[in-house]
Structure formats: structure tokens, C-alpha cells
Amino acid sequence: MSEGGTPYGLCQDAAIAVDGPKIVWVGAQHDVPPEHIGWPVEDFGARLITPALIDAHTHVVFGGNRAAEFEMRLNGASYEDIARAGGGILSTVNATRSASEETLLANALPRVDALIAEGVCTIEVKSGYGLDTETEMKMLRVARRIGEARPVRIKTTFLGAHAVPPNYVGRPDDYIREVCIPTLRTAHAEGLVDAVDGFCEGIAFTPVQIAQVFDVAKELGLPIKLHAEQLSNLGGAQLAASYGAMSADHIEYLDAEGVSAMAKAGTTAVLLPGAFYTLRETQVPPVDLLRRHQVPMALATDCNPGSSPLTSLLLTMNMGCTLFRLTPEEALAGVTRNAARALGITDAGTLAPGQRADLAIWNVNHPAELAYRVGFNPLHKRLFGGIT
């Protein structure tokens, strides 16, 4: 999938020349340069080849699960009822704090394996279920270890500004100053952070509080992302854009001013239909506005134990089309080219010379089939850096 003028950038009867971990040539078979003729050939027949998929927003490392809360909600319990019973994000915080690194890794790998089995080669992994220095660091170390345990590229994101822990209730500014920012500095010093995120929402942190974290990220030379406008409009996307953010994520309540700010800053919109579906939301992201302002749209699973227990990027593509009315072409771009943009990755997400040979080969006749099917995985083979 390139950025050519044909739908999907599709090239029929194509060939891809791979040298080690890199693509060195892409084009029609009859145009293969003489220097590549005679190279070993693997014939994939009439199958579709795309860039490997990229999941640009996950919380895949966490302790425990919240299936009991899912059942409670379906039986009529309110959010307050669940919180009083020890549930919600703080139940995941408690489970994550008490779990060892080995346990967290063992629990995360099946979720990662499910993504890999669908042609995913890059996964963003956030911290944010520790809310103390020890556990945030533990989560980031586990995220790095996933990339050692599996043939997948991991991008780590520090999400210390995810929620206010119980011992700081009513004192969010103290938490930001005393825990979040010092932990960010420590994690960065240990090489565990690729980007910095926050949750800008009434139930989390204000734009002023998030800005304190982003100021430190900027000082450290770290790119930023933001959970913004998921439940209300606090102007988070405009804040993120003012810092040149790589992405603003969720954005169901994003307004025209926020879209314009993102367009000017080159900030990618990351749409998360799994959370929209699980929470039974009705406010859809302003997709038409994003199109008109030419804001790139990515799709991601938002894999997490509470609002999006989703480990299928193919299903995410279908949800993006059925719930948000993306086209199948936009959905495919959303898990390849635009997902790479959302992570600041320049060597993946398209099929072009110089890109990593991260490829997905599909048993389909047309790219639209990837978003069309529900509960079906047509992956034939995945190449990670040219290796099966």
C-alpha cells in the first residue's frame, strides 16, 4: 500500500525486492530492475501484500482483569457502585502493583500473540496502571521485554498522568509534582520512554496539569500524545497540538477549533472504536471534519482491561467502518501509514524502498475484505524485518 493515485495505492502483478530487513524496490513484475533479477523468489500467487499492521494505542500490560465489572454493569450496577466495590481503574492499579514482572509479562504475551497473529509488527504500549514510581517503571520494563520475547517492535509511552491514585485524591497537583514528573525523569534516564501521554478529562487531569507534564517531556526531548475529548471537551486536543503532539486519541467530543489546531500542527487523530463500543457511547468522532481538514486518521485497539478488552486490529478496522463510517481504504491506512505517523515512525507503514520489510500477506482478493469480514483472520504470512 503506497500513497499513489490508485485506490489503496494498489499495484497489480507486483514484486517486492527485499535485502535483509529492508525493502529495496517495489513495482510491477515486468519492471524488476536487472540487478534484482535472479534473486531468490517466493511466489505468493494472487495474494494481497500490505505493510504489516501497527497498533498505535494499547495498554496491553496490566494485572488482573475486570470481567466481573463487565457482568456487574450488565446487571445494572452503576460506575459508582463498581467503584465502591473496589472496581474501576483502581482495581487494575492494585492488581498491577501486586503482580511481579514475570506475571505481567506472562499475562501480556497472549494478548500480544493475538495481535501478531493478525499481521501486527509494531505495538505501542503505555504505562499508567502503576501511579507510583515502582510500578510505572515495572510496566515500562515489561513492555521492553515484550520486544525481546516476541518478534515485534515495541514503542513505550509513559502515561503517569492517567488517574489520581487513592493516596492523592483531592490533590492531583501534588501527584503530578511529587510522583508523575519525577517518575518520568527516572524512566527517561533509564531509556524506558519513547513518548509521553496523559488523560485530559474531568475524571483525570486538567489541561493545566497535563501541560506541566508536557513541559518536562519537551525539556527531555520526548514526543507527546494525549487522551483527549473522550467524554467531554476540555480543549485537550488544542493543548496537544500546541506542543506539536504526534497524536490526539479518542476525540469523540473534538470540536472544529480542535480539528483546525491538529491540522496546523500535523497531529494525527487516533480513533478507538473498541472503547466506544464497550462503553456504548453515542458521540462519534468528527470524521467529516477531520477529512475536510486533511487530518490523518489512525485506528487502534486501545487494548485495556476496562473500556476496551480488544486484541484484534482486524475487528478494529471493521468497527471503524461500521461505527465511525470510515471507508475500508481509510481503515487500512489507519492501521498502517497513519498509525506509523501517530507513533513518529518513518521506516514502516508503507511499501517503499528504504522501509522495513515488515509485511503482511493476506488470503484476500481485494483490500476491502480486511475491514469487511468479522471474526475471520485471512493472514497467510507475516514478515518481520524480512523474516517469517
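Residue positions are counted from 1 within each chain, in the order its sequence is given. At least 70 in pLDDT is required for a residue's local features to be given in this predicted model, at least 80 for side-chain atom pairs to be given and counted, and no such filter applies to totals for whole chains, interfaces and linings, which use all residues. Heavy atoms throughout the structure, all of them, feed into the side-chain values; hydrogens and water do not.

### Considering the overall build of the protein chain
For the purposes of this entry, the term helix denotes a DSSP run of H or I that reaches at least four residues, the term strand denotes a run of E that reaches at least two, and both are numbered from the N terminus. Looking only at helices and strands, one finds 15 helices and 13 strands in the protein chain. In this setup the radius of gyration rests on C-alpha atoms only. A globule is expected at 2.2 Å times the number of residues raised to 0.38. The C-alpha atoms of the protein chain give a radius of gyration of 21 Å, which matches the 21 Å a tight globule of 388 residues would have. A principal-axis box enclosing the C-alpha atoms of the protein chain has dimensions of 70 × 45 × 45 Å. Only protein chains enter the area calculation, which uses a 1.4 Å probe; residues under 20% of their type maximum are buried, those over 50% are exposed, and those in between are partly exposed. Within the span of the protein chain, comprising 388 residues, buried residues form 56% of the whole. By the convention used here, residues are in contact when the closest approach between their heavy atoms is within 4.5 Å. In the protein chain, 70% of the contacts between residues at least 6 apart in sequence involve partners at least 24 apart. Accessible surface for the protein chain amounts to roughly 16,000 Å². Of this, 52% is attributable to carbon and sulfur atoms. Positive charges are assigned to Lys and Arg, negative charges to Asp and Glu, while His and the chain termini are left out of the count. Charge positions come from single atoms, namely NZ of Lys, CZ of Arg, CG of Asp or CD of Glu. Charged side chains in the protein chain number 31 positive and 43 negative. The centres of these two groups are separated by 1 Å. We get accessible surface area from the Shrake-Rupley algorithm with a probe of 1.4 Å; when it comes to residues, only the shown protein chains can shield them.

### Remarks on the UniProt feature "binding site: Zn(2+)" (unreviewed entry) in the protein chain
UniProt positions are given in the numbering used here, feature names are shortened, and annotations may be inferred rather than shown by experiment. Under the local residue numbering, the UniProt record ascribes the feature "binding site: Zn(2+)" (unreviewed entry) to H57, H59, H227 and D302. Their sequence span is 246 residues, while the largest C-alpha to C-alpha distance among them is just 12.4 Å; these annotated residues converge on one region. Position of H59 relative to the elements: it lies in the loop between β4 (53-55) and α1 (67-74). Classification of H59 as buried rests on a relative accessible area of 2%. With near-sequence residues (within four places) excluded, H59 lies in contact with K126, S127, Y129, L159, H162, H227, D302, C303 and N304. Relative to the helices and strands, D302 resides in the loop between β11 (297-299) and α12 (313-324).

### Some words on empty space enclosed by the protein
Using a 1 Å grid laid over the protein atoms alone, points where a 1.4 Å probe fits but cannot get out form a cavity; open sets with protein on both sides within 12 Å along at least 5 of 7 lines form a pocket; any residue with an atom within 4 Å of a point counts as lining. Grid points are joined across faces, edges and corners, and a volume is the space filled by probe spheres set on the points. In the structure shown here, the tally under the stated rule is one cavity of 30 Å³ or more. Space inside the largest cavity adds up to approximately 30 Å³. What lines the largest cavity is P51, A52, L53, I54, C121, T122, A348, G349 and D358. Those elements that place two or more of their residues in the lining of the largest cavity are β4 and β5 (120-126).

### As for the sheet that holds strand β12 (residues 359-362)
Two strands pair if DSSP finds at least two bridges between them. The strand order across the open sheet built from three strands is β3-β12-β13, with neighbouring strands paired in antiparallel fashion. This sheet does not close on itself; its edge strands, each paired only once, are β3 (48-51) and β13 (379-383). This sheet shows a mean twist of 20° between the axes of neighbouring strands, independent of strand direction. Between N-to-C directions, angles cover 0 to 180 degrees, with each direction set by a line fitted to C-alpha atoms, over the stretch in contact for helices.

### Some details on the side chain of E124
Looking at the secondary structure, you find E124 in strand β5. According to the relative accessible area criterion, E124 is buried, its value standing at 0%. Polar contacts involving the side chain of E124 include one to the side chain of K126, which spans 2.6 Å. The residues contacting E124, other than those within four sequence positions of it, are D55, A56, H57, T58, K155, T157, K225 and L343. Each polar contact in these results corresponds to two N or O atoms within 3.5 Å; when the atoms are within protein, one needs to be able to donate a hydrogen and the other to accept it, and residues that are neighboring in sequence are counted only if both atoms are side-chain atoms.

### Some thoughts on unusual backbone geometry
Apart from glycine, the bulk of residues carry a negative phi angle, and the bulk of peptide bonds sit in the trans form. Even without a glycine there, the phi angle at H250 is positive, about 85°. When you line up the elements, H250 lands in strand β9 (residues 247-250). Backbone geometry places D302, a non-glycine residue, at a positive phi of 55°.

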